[in-house]
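Residues per chain are reported as follows:
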Amino acid sequence: MSIVEYRGFAGVRLEAEVIGSADDPAVLLVHGAGQTRGVWAGVAEALEQAGRRVISLDLRGHGGSEWPADGRYDFGAMVEDLRAVLAQLGTRPVVVASTLGGWIASAALERDAALLASGLVLVDVPLDLDREVAQRIGARLREAAALTPGQADWDPRLLDAFDSGAAAERLAGAPAAIALPTLYVRGALSELVSPADAAAFVAGLPDGELAEVEDRSLVVTDRGDALGGWLIDFLERRAPRASPEYREGSDARTFRDALGCFATGVTVVTAMCPDGTPIGLTANSFTSVSLDPPLLLVCIANSAGSAPHLREAGRFAVNVLQIGQQPTSNRFAGKGEDRFAATPWIKGEFGTPVLTGSLSSFECARHAVHDGGDHFLLVGRVLKAIFEPRRDPLLYFRGKYRKLHFA
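Parameters at a glance
- Residues numbered from 1 in each chain as written.
- Predicted model: local features only at pLDDT ≥ 70, side-chain atom pairs only at ≥ 80, totals over all residues.
- Heavy atoms only, no water.
- Helix = DSSP H or I, 4+ residues; strand = E, 2+ residues; numbered from the N terminus.
- Contact = heavy atoms within 4.5 Å.
- Areas by Shrake-Rupley, 256 points an atom, 1.4 Å probe, with all protein chains shown as cover.
- Lys, Arg positive; Asp, Glu negative; His and termini not counted.
- Charge placed at Lys NZ, Arg CZ, Asp CG, Glu CD.
- Pairing = 2+ DSSP bridges.
- Core = buried A, V, L, I, M, F, W, Y, C linked by side-chain atoms within 4.5 Å.
- Buried < 20%, exposed > 50% of the residue type's maximum accessible area, 1.4 Å probe, protein only.
- Phe/Tyr/Trp six-rings, centres within 6.5 Å; stacked < 30°, edge-to-face > 60°.
- Lys NZ or Arg CZ within 6 Å of the ring centre and 35° of its normal.
- 1 Å grid on protein atoms, 1.4 Å probe; cavity = no way out; pocket = protein on both sides within 12 Å on 5 of 7 lines; lining within 4 Å.
- Points joined across faces, edges and corners; volume = space filled by probe spheres on them.
- Axes fitted to C-alpha atoms, helices over the stretch in contact; angles between N-to-C directions.

(A) Local environment of the overall build of the protein chain. Counting its secondary structure elements, the protein chain contains 12 helices and 20 strands. For the protein chain, the spread of C-alpha atoms along the three principal axes comes to 85 × 50 × 40 Å. If you take every contact in the protein chain between residues at least 6 apart in sequence, the share linking residues at least 24 apart comes to 71%. Roughly 19600 Å² of accessible area belongs to the protein chain as shown, and the carbon and sulfur atoms make up 51% of that amount. Here the protein chain holds 40 positive side-chain charges and 51 negative ones, and the gap between their average locations is 7 Å.

See below:
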């Protein structure tokens, strides 16, 4: 076991307890209000034994994490705390969160979910919190804090600073945007969420499952064996420890998925037909070859409509796209649309179509063409290159567009 510190929103220090091998898939545990990471002890141990690296986080104002001097416990700050932690992990964990932690996790993964996590488990997360129930829970929390004044494991100022109504309202629009395998776990005796509300929430998720733990009100237990069993089952099905494997002659989709683990930029390769018609297509198999002479290489599918013209073109351009050019990438990857009519471009100095606003553009003379299975390798000698250093690249990874994220 080790203690790890992260920096949350506005530099707040957040503390977590980590167990398990660094080589195992990660699970991030996020507790509820008035609790600490210790509430997950039984679950964390079960997950470690099941071959997971477990990170149990203390929210701001709880346990070993910083209790902000300014008493800032608004929902937005806590959401940004979690996004900051996820960005610092260096891996995409399955996030397991209960009650308040579930609100925070749902909002944090409403944007860029696939960049930050690989799955989500919500435990007894209130969906439409009844005012009387909220008051009853608040009273219990205040009473618990008052029993040991100055010795509580969490900051009672949270109760006055946090707007549960606003958080629940935000959660209402979250399901459709959480593009991750998601499990909602409800204790059968839970006072926080009804069976109908839980079912409706799961129905709104792009990839959701509902589990009900019989004879339990999970929010008041130590989340031991019953919850651990559901978690491990979900993880083994939706985030398995074993890596997919490709062998020659087996499923080509698996091979493609393996290749997709190499993150790339996105380019549009362009040229002019003999009759002066511009042609182009989207390609991400692009690399530099040599500095002296200046050579680059791009792979073109033999089946592409522009392939015959690009194979014979004496000159061509490679336009590296920036993050605002995702529509351009889609346009040049599709069919049936007048690609150049909807795309700003100019004829470059060496007669090739150059897409204006690109991150960089390379005008090339054909240096060599090599056959490569169902693709051919087009090697160009760079005649001119221009680039824009103030823009960020459009990235592609595991079949999805991505963007740079600075931790």
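(B) Focus on the sheet that holds strand β19 (residues 395–397). The 3 strands lie next to each other as β9-β19-β20, forming an open sheet whose pairing is antiparallel. Here the strands that pair on one side only, and so sit at the sheet edges, are β9 (264–265) and β20 (400–402). Note that β19 and β20 share 3 bridges and pair antiparallel. Its bridge partner being in β20, F397 is matched across the sheet by K400.

(C) Local environment of unusual backbone geometry. That bond from D292 to P293 is cis: its omega, 5°, falls within 30 degrees of zero. Along the polypeptide, P293 turns up in the loop between β12 (286–290) and β13 (295–301). The phi dihedral of D124 is positive, around 50°, even though this residue is not glycine. Mapped onto the elements, D124 comes out in the loop between β6 (119–123) and α5 (131–147).

(D) Representation of the nonpolar core. Grouped together as the largest cluster of nonpolar side chains are 49 residues, with contacts concentrated most on L82, V95, W103, L109 and Y184. Each residue touching V95, except ones within four places of it in the same chain, is listed here: L28, V30, L86, A105, L109, A117, G119, L120 and V121.

(E) Up close: the packing of aromatic side chains. Evaluation of the coordinates by the stated rule reveals 6 aromatic pairs. Between F340 and W345, the aromatic rings sit 5.4 Å apart at their centres with planes inclined by 70°, giving edge-to-face as the arrangement. With relative accessibility at 8%, the residue F340 sits in the buried group. By relative accessible area, W345 is classed as partly exposed at 29%. Arranged with centres 5.4 Å apart and planes meeting at 70°, the rings of Y396 and Y401 form a pair that is edge-to-face. Given a relative accessible area of 29%, Y396 falls into the partly exposed group. The exposure class assigned to Y401 is partly exposed, which follows from its relative accessible area of 26%. Each residue in the set F332, F340 and W345 is aromatic and connected to the rest through ring pairs, giving one cluster. The lysine or arginine in question, R311, covers the ring of F376, its NZ or CZ lying 4.4 Å from the ring centre.

(F) Empty space enclosed by the protein, seen in detail. Applying the stated criterion across every chain, the model contains 1 cavity of 30 Å³ or more. A volume near 30 Å³ is recorded for the largest cavity. Contributing to the lining of the largest cavity are L14, L57, L59, R60, M78, D81 and L82. A per-element tally of the lining of the largest cavity places helix α2 (residues 75–88) first, with 3 residues.

(G) View of the sheet that holds strand β10 (residues 267–272). Overall, antiparallel pairing links the 7 strands, which are arranged β11-β10-β14-β17-β18-β13-β12 in an open sheet. Single-partner strands in this sheet number two, and they are β11 (278–283) and β12. Ignoring strand direction, the axes of neighbouring strands in this sheet form an average angle of 35°. Taken strand by strand, helix α12 (residues 326–333) contacts β10 and β11, and its axis lies near 110° from that of β11.

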